[in-house]
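As a plain string of letters, each chain reads:
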Amino acid sequence: WLCGCEVKNALFCFQCLLFGGDVTWTKDGFRNINKMKEKTEKHKKSKKHVDNVVLLSLLGTASIKEKLSEAYRLSIYEHNIKVKKNHDILSEIIDCIFFCGNFGTPLRGYDEKDDSINLGVFRGLVNFASKLDSDLKHHKHTYAVFTGVSKTIQNEILDCLLQIYHEEIRTEIKKASFVAVMADDTTDVSEHTQMVLVLRYVLNGEIIEHFWGSFIPENQTADGISKCILKQLGIILQGNGQKLIAQTFDGANVMKGKIAGVQAKIKAVYSNAHFIHCYAHQLNLIMRNAASITRNARIFISVFKVNEYITNFKTAILELRNSEYCENPSKTLVAEAKEVCDCICVDIMDRYSSTKHLVAAKLFNKKCFTSFKNEYPTEEIVTTTEAHPMIDKEKLETELKVFYCRSDIHEYCTLIELLKFILENNLDDVFSEITELIKILLTVPMTTSEASASDEVMERIKTFLRSTMNSERLNALAVLSMGKNFLSCHPEIKEKITDHFAQINTLRTGNLNI
């Protein structure tokens, strides 16, 4: 128990320092060496010192009353049984909410009074489950403070779901090498523009796309939209901004602007985030711009020999099927068509210009392996490493030289198959730069189709009858609808929701003791 302090040049009692005691051994320090044996023996036999020694010895172990009292141990046992029972009840209520969310069914009914015949699907499920579970039935008729079926409880459980879901997504993104964000907007029944964000990354050799949420920007300008997206990216990336390598939008002017567009504002913060023009939107936007460029162009598109051109177009398509290319491209165009064609050419150059970040795909084109073996693709490698500075150019060159000479690896025809081969054979250290480059190519989305599909789900959830739904509830229900596979692959999420809900509802639940 004896210890010393070189600052005070004195001796102290360790146990009494921790739990309090004689000031000589706890505050002032003992310095009288001549009487050391006498004083230490006296202090060692003092009641306070002995009591402190016992306290330190039992620190962190079960309390004495638990060891001595059989009645206390019995009460603990009964308490644990009650906690497990209440835990199971809450789990059943969460299951009912999950069921409604998975099938896009409204939780609330027209009239949710106990004697109503229009309770709604959720309360109907709880009532049905109580017929099969006596504990749930007893809980419904016993607990007046926490029955688990109110709108408030529903919202709090859904909030817990959303928080846990976001935590799981962030955990996966920390493990992933790169991430891309896809965004699309839609107008809901409340005439609010919802910005839907979807995340894409590669984890354990699998491409993953997950709905993150829908959000309402301050306004529909580039500033308002970019501010909304950047706020969420800060929450998602948590300081790992270098992982964001792509941002994919539909290509509207407010999104694609090279100087003041949304993509430019995001790239100013995340320098590796290349803008990907959604390929599913490119051609239709080019034709829309062509149709609106001038009054004459609109007339040409809308009324100038429309029926004749429709017929001719159909005939031309049929002829094109049987020919490699148009054999007579020098036909004279009418004056009204020239401006349209000029607009189309300019628009095509603009919308298809940002493709340097995709040059890396050519390095893994099987048709080019033989020629690359003989004539090294130096230009493509330079372009690739300029677009993706996180790739080591010198090491990539070495790895590709080995890769092109290994015909046994070339049988893997897709990038995902090649990535799995590398990972399964522990070659990711040898082919580190190739592995990273494949992950980049797999992470980069070509369309915003997943975000557009999320828009449709949001429209099904927030209908005219549910137009006042808040964004947190809407996002949680969307997660249940679109994240079925994710939730089924992570069964522990429901347990985490139960524990989190119990922690934040201790005061309300009272003696529920979840």
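This structure is a prediction, so every number in the text was calculated from the model and none was measured.

Enquirer: Would you take a moment to explain the pattern of salt bridges for this structure?
Expert: Once the charged atoms of two side chains with opposite charge are near each other, the side chains can pair. One pass over the full model with this rule turns up 13 salt bridges. Put simply, lysine 494 and aspartate 95 hold a salt bridge, and the shortest N to O gap is 2.8 Å. Highlighted residues: lysine 494 in helix 25 (residues 492–504) and aspartate 95 in helix 6 (residues 70–102), separated in sequence by 399 residues. Taking relative accessible area as the criterion, lysine 494 reaches 23% and is therefore assigned partly exposed. Under the relative-accessibility criterion, aspartate 95 is labelled partly exposed at 35%.

Enquirer: Whenever I open this one, a nonpolar patch on the surface confuses me. Can you help?
Expert: A cluster of nonpolar side chains, contributed by Val50, Val54 and Leu58, occupies part of the molecular surface with about 210 Å² of accessible area. Secondary-structure assignment places leucine 58 in helix 4 (residues 47–58). Taking the relative accessible area as the measure of exposure, leucine 58 reaches 35% and is therefore partly exposed.

Enquirer: Would you mind showing me how to read the confidence of the model for the protein here?
Expert: Low pLDDT marks stretches whose predicted atomic positions should not be read closely. Summary statistics for the protein give a mean pLDDT of 78 and a share of 72% for residues scoring 70 or more. The low-confidence segment residues 323–338 (pLDDT under 50) makes seven contacts with residues lying over four places distant or belonging to another chain. Taken together, the stretch residues 507–512 has pLDDT below 50 and engages in 13 contacts with residues farther than four places along the chain or on a different chain.

Enquirer: I tried to follow the packing of helix 10 (residues 222–237) against helix 12 (residues 262–269) on my own but got confused; where do I start?
Expert: Describing two packed helices takes the angle between their axes plus the distance from one axis to the other. Relative orientation of the contacting elements helix 10 and helix 12 amounts to 40°, with a least axis distance of 9 Å. One way to sum up the angle between helix 10 and helix 12 is to call them oblique. For the element pair helix 10 and helix 12, the recorded crossing hand is right-handed. Contact with helix 10, carried on its side by Ala222, Asp223, Ile225, Ser226, Ile229, Leu230 and Leu233, involves Val262, Lys265, Ile266 and Val269 of helix 12 and no other residues of that element. Residues that form the contact of helix 10 with helix 12 fall into these classes: eight nonpolar, one polar and two charged.

About the thresholds
- Residues numbered from 1 in each chain as written.
- Predicted model: local features only at pLDDT ≥ 70, side-chain atom pairs only at ≥ 80, totals over all residues.
- Heavy atoms only, no water.
- Salt bridge = Lys/Arg side-chain N within 4 Å of Asp/Glu carboxyl O.
- Helix = DSSP H or I, 4+ residues; strand = E, 2+ residues; numbered from the N terminus.
- Buried < 20%, exposed > 50% of the residue type's maximum accessible area, 1.4 Å probe, protein only.
- Patch = residues over 30% accessible without salt bridge, like charges linked within 9 Å, V, L, I, M, F, W, Y side chains within 5 Å.
- Areas by Shrake-Rupley, 256 points an atom, 1.4 Å probe, with all protein chains shown as cover.
- pLDDT = per-residue confidence, 0-100.
- Contact = heavy atoms within 4.5 Å.
- Axes fitted to C-alpha atoms, helices over the stretch in contact; angles between N-to-C directions.
- Parallel < 35°, antiparallel > 145°, perpendicular 65-115°, else oblique.
- Left-handed = near helix turned anticlockwise from the far one by under 90°.
- Nonpolar A, V, L, I, M, F, W, Y, C, P; charged D, E, K, R; others polar.

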